[in-house]
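Read off the chains here:
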Amino acid sequence: MLDESLLDSPEGLAAADQRGLLRGAAEAGARVRTAARHAAEAGVDDLKPDGRPRAVLIAGPGAAATHAADLIGSLAGPGSPVTRLAPTGVAPAAGALRWELPGWTGSVDLLLIATPDGTEPGLSLLADQAYRRGCTVAAVAPAGTPLVEAVEGAHGLFVPLATAPYEHDEPLAASAPGVLWALLTPLLALLDRIGLLTAPPDALEKVANRLDLVAERCGPAIAAYSNAAKTLAAELADALPIVWTEGPSAGPAGRRFAAALAELSGHPAVVAELPEALATHSALLAGRLAANADPDDFFRDRVEERPALHARVVLLRDRPIGGLTAAPAARDLALSHDTPISELEPEPGGELETLAELIAITDFAAVYLALASEA
């Protein structure tokens, strides 16, 4: 059950936030600036690449590496394939994970390693394997970890992970807001230098500014009635989020939102891209999850019984309203099944800025849902 009164209590939210999730969301802009500085100090701005790689491979544990690969693939487009190397192993533990390069990997490819841990033996072995294949290696990881020595031994580029002091006490959640930007920002700076995507220093500064703006509008001191993230968290408290995305940047943002809801708050969600989502989820909205599917709910004891779980559509868009859009059809489908709908659309700006805004608002919403549900 969601404690909605906690949403309008900054002190209560701070007391409930034992994992520093709200602080990480609020400091996302600062994390981008620190990570960009680390990349510059590591020599990224001085690189003189011979050309674009044939393929980019991304390896790392958990949701953070998955989200980074998804976002980079969306931003890069079809120019160079971006592939995430999924780990194998008997458990999701640093010592149990192993990664393997595809058989075709060679000297014209680029391996990116992104991890908030850095103690995984499998990643050190992967860096060594890439070196023997002639594949260029770059990594973002905490300083002083075994991976650093492995990357240096492979004559690769290492960028220290931008962390905060309060994150050193316990392992970082892969979906924590600060982790994504700490891993993603140096990779964006590097891939800008090799021409795979466009993320120059001024664009990263605009991303940081947009994240700061969202933190001002969605922070714990802002009341729920004028706070988009708190409003969304309250709307999803007793609902199954059906996340529909429209536009190339909104797709990765929606998938990250679903993962953050699961990892941070234990809240399930399903996600799909428009227009295919209209066919994929039509039967789902017409089934037991529809708002009108339980006529006996009127007689439910509002104090003793939990409400039935019903679907709620969350529409994330990064296209202008005047363009070609499936949003009207999405609204019609949801409302025809008495399914409520929440919509998020970023302010105008570059692709990186709008993507950052969608991620930031949904990150705040996932954190608020987690904290108010734990109380």
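Residues numbered from 1 in each chain as written. Predicted model: local features only at pLDDT ≥ 70, side-chain atom pairs only at ≥ 80, totals over all residues. Heavy atoms only, no water.

Focus on the overall build of the protein chain
Per the secondary structure count, the protein chain includes 15 helices and nine strands. Here the protein chain has a C-alpha radius of gyration of 21 Å; the compact-globule value for 375 residues is 21 Å, and the two agree. Here the protein chain holds 375 residues, and 52% of them are scored as buried. In the protein chain, of all internal contacts separated by at least 6 residues, the share reaching a separation of at least 24 is 77%. Of the roughly 16,000 Å² that the protein chain leaves accessible, carbon and sulfur atoms contribute 55%. (Helix = DSSP H or I, 4+ residues; strand = E, 2+ residues; numbered from the N terminus. Rg over C-alpha atoms; globule rule 2.2 N^0.38 Å. Buried < 20%, exposed > 50% of the residue type's maximum accessible area, 1.4 Å probe, protein only. Contact = heavy atoms within 4.5 Å. Areas by Shrake-Rupley, 256 points an atom, 1.4 Å probe, with all protein chains shown as cover.)

Examining the packing of helix α4 (residues 28–41) against helix α8 (residues 177–193)
With their axes 8 Å apart at the nearest point, α4 and α8 run at an angle of 35 degrees to one another. In the crossing of α4 with α8, the sense of the turn from one axis to the other is right-handed. Along the contact surface, α4 presents Ala28, Arg31, Val32, Ala35, Ala36 and Ala39, while α8 presents Gly178, Val179, Trp181, Ala182, Thr185, Pro186 and Ala189. Considering only residue class, the contact of α4 with α8 consists of ten nonpolar, two polar and one charged. (Axes fitted to C-alpha atoms, helices over the stretch in contact; angles between N-to-C directions. Left-handed = near helix turned anticlockwise from the far one by under 90°. Nonpolar A, V, L, I, M, F, W, Y, C, P; charged D, E, K, R; others polar.)

Quick word on the nonpolar core
Within the largest apolar cluster, 85 residues are counted, with the highest numbers of intra-cluster contacts made by Leu112, Trp181, Leu188, Leu191, Phe257 and Phe364. The element contributing the most residues to this core is helix α15 (residues 351–374), with 16 residues. Taken together, domain 1 (2–14 + 223–372) and domain 2 (19–208) each give at least three residues to this core, which thus spans both. Leave out the neighbours within four places in its chain, and phenylalanine 364 touches Leu22, Ala25, Ala26, Val214, Ala215, Cys218, Gly219 and Ala229. Leu85, Ala127, Leu147 and Val151 belong to the second-largest nonpolar core, a separate cluster that totals 21 residues. (Core = buried A, V, L, I, M, F, W, Y, C linked by side-chain atoms within 4.5 Å. Domains from an automatic or database assignment.)

Here's the deal with helix α11 (residues 250–265)
Here α11 is 16 residues long and its end C-alpha atoms lie 21 Å apart, about the 22 Å a rise of 1.5 Å per residue gives. Where burial is concerned, most of α11 is hidden: twelve out of the 16 residues are buried. Those residues of α11 that fall on the buried side of the exposure criterion are Ala250, Gly251, Pro252, Ala253, Gly254, Arg256, Phe257, Ala258, Ala260, Leu261, Leu264 and Ser265. Taken from the residues just after α11, glycine 266 is the one with a positive phi, measuring 65 degrees. (Expected span 1.5 Å × (residues − 1).)

Points about the domain arrangement of the protein chain
For the protein chain, the assigned domains are domain 1 (2–14 + 223–372) and domain 2 (19–208). With 22 residues of domain 1 in contact, the opposing surface of domain 2 contributes 24 residues. Here domain 1 meets domain 2 over a buried area of about 2,000 Å², counting both sides, of which 69% is carbon and sulfur. Remark: the boundary between domain 1 and domain 2 carries one salt bridge. Arginine 255 serves as the salt-bridge partner of aspartate 70, at 2.6 Å between the closest nitrogen and oxygen. Our count for the contact surface shared by domain 1 and domain 2 stands at four residue pairs in polar contact (both at pLDDT 80 or more). Residue assignment for the side of domain 1 that touches domain 2 shows that the elements contributing at least two residues are α11 and α15. Here the side of domain 1 that touches domain 2 takes twelve residues from α15, the largest share from any one element. (Buried area = accessible area lost by both parts, 1.4 Å probe. Salt bridge = Lys/Arg side-chain N within 4 Å of Asp/Glu carboxyl O. Polar contact = N/O pair within 3.5 Å; in protein donor to acceptor, adjacent residues only side chain to side chain.)

Structural notes on the sheet that holds strand β5 (residues 157–160)
Within the open sheet, the five strands sit side by side as β2-β1-β3-β4-β5. Their pairing is parallel. Since the sheet does not close on itself, it has two edges, and those belong to β2 (82–85) and β5, each with one partner. Strand-to-strand twist of the sheet, defined as the mean angle between neighbouring strand axes without regard to direction, takes the value 20 degrees. Docked against the sheet, helix α5 (residues 62–76) engages β1 (56–59), β2 and β3 (110–114), running at close to 170 degrees with respect to β2. Across the face of the sheet, α8 comes into contact with β1, β3, β4 (136–141) and β5 while running at roughly 160 degrees to β3. (Pairing = 2+ DSSP bridges.)

Observations concerning the pairing of strand β7 (residues 270–273)
Here four bridges tie strand β6 (residues 239–246) to β7, and the two strands are oriented parallel to one another. Following the sheet pairing, valine 243 is matched in β7 by valine 271. With α11 bridging β6 and the parallel β7, this β-α-β connection has right-handed handedness. (Right-handed = clockwise from strand over helix to strand, strands pointing away.)

Regarding the sheet that holds strand β8 (residues 310–317)
Across the sheet, which stays open at both edges, the four strands sit in the order β7-β6-β8-β9 with parallel pairing between neighbours. The open sheet has two edge strands, β7 and β9 (341–344), and neither has a second partner. Here the strands of the sheet are splayed against their neighbours by 20 degrees on average, with no regard to which way each runs. The strands that helix α10 (residues 228–235) touches are β6, β8 and β9; relative to β9, the one it contacts most, it runs at about 155 degrees.

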